[in-house]
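Take a look at the letters that make up each chain.
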Amino acid sequence: MPEISFLAQLLMSRLKTVPISNVEERMNLIGVFMKGVKACFVVHNVYVSEIFLYPMLNISVFVTFVYAVRDMVINGSLDLQLDSGGAFWFTDLSEMDKTFILPLYATFLSYMAIDLGTARAQGKLMMFIRDALQTIVMLSLPMVTQLPAGVFCYWIPSSCYGIAQSQMLKSPKFQKLFGIPPLPLPPAPKTTN
């Protein structure tokens, strides 16, 4: 929301004029800023809990499913015929993909989902969060390569669906069709002459 960016700029410029030793005045300024942010949320019908709730639900379902499938594959708790249910080069879904194609593709899709999902992100904090998540995805690659191929039969379609969903929600035609208000455009970068 551009209003919050404006409020943050005002806060930062005002904080520069207040000595660090004047904690009470600094806390009052931050309190006024937070009231302004809450007012912006009310005006735009934004609920902070909903901002984090849906991604957290998706992440928890994803992690639970990956570990459940992993345990089913490793322990053979169900007769899923995973040893012969694969296709192409990964015919045994209970074994890891020795070519690393599936884990590399799944990791790439997860990286791209984060990148495309945060393409309009602004601010240092959002950039830091995006970079941190992408770093975690890349650092997890050695562990991901050890997962059974059957896990990727869920992971890859799930990532593809997530990417498609985020791109559809950004589409003006889709937004118009379902009455979703368009996202505000980021402010143009300042140029110096």
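Chemist: An account of the packing of helix α4 (residues 101-117) against helix α5 (residues 124-139) is needed here, citing residue identities and associated values.
Modeler: When two helices pack together, their arrangement is given by the angle between the helix axes and by the axis-to-axis distance. Contact pair α4 / α5: the axes reach a minimum separation of 9 Å and the direction vectors enclose 175°. Classified by the angle their axes make, α4 and α5 are roughly antiparallel. Here T107, S110, Y111, I114 and D115 of α4 lie close against α5, whose contacting residues are R130, L133, Q134, V137 and M138. Looking at the contact of α4 with α5 residue by residue, the class counts come to five nonpolar, three polar and two charged.

Chemist: Can you lay out α4 for me, pointing to particular residues and giving the numbers?
Modeler: Relative to the 24 Å expected for 17 residues at 1.5 Å per residue, α4 spans 24 Å between its end C-alpha atoms, a close match to the ideal helical length. Of all the positions in α4, only L102, P103, A106, T107, L109, S110 and I114 are classed as buried. Along the axis of α4, the buried positions cluster into a sector of 160°, meaning they face one direction only. Looking at the buried side of α4, the elements it contacts are α5, α6 (141-144) and α7 (149-170).

Chemist: Pulling in residues and values, what's your account of the side chain of S159?
Modeler: Turning to its location among the elements, S159 is positioned in helix α7. Residue classification places S159 among the buried residues on the basis of a relative accessible area of 9%. Once residues lying within four places of it in the same chain are set aside, the contact partners of S159 are L109 and S110.

Chemist: Residue-level account of the confidence of the model for the protein, with values.
Modeler: Per-residue pLDDT for the protein has a mean of 76; in total, 73% of the residues score no lower than 70. Between the elements of the protein, mean pLDDT differs from a low of 69, seen in helix α3 (residues 48-75), to a high of 86, seen in α4.

Rules behind the numbers
Residues numbered from 1 in each chain as written. Predicted model: local features only at pLDDT ≥ 70, side-chain atom pairs only at ≥ 80, totals over all residues. Heavy atoms only, no water. Axes fitted to C-alpha atoms, helices over the stretch in contact; angles between N-to-C directions. Helix = DSSP H or I, 4+ residues; strand = E, 2+ residues; numbered from the N terminus. Parallel < 35°, antiparallel > 145°, perpendicular 65-115°, else oblique. Contact = heavy atoms within 4.5 Å. Nonpolar A, V, L, I, M, F, W, Y, C, P; charged D, E, K, R; others polar. Expected span 1.5 Å × (residues − 1). Buried < 20%, exposed > 50% of the residue type's maximum accessible area, 1.4 Å probe, protein only. Arc of directions from axis to C-beta. pLDDT = per-residue confidence, 0-100.

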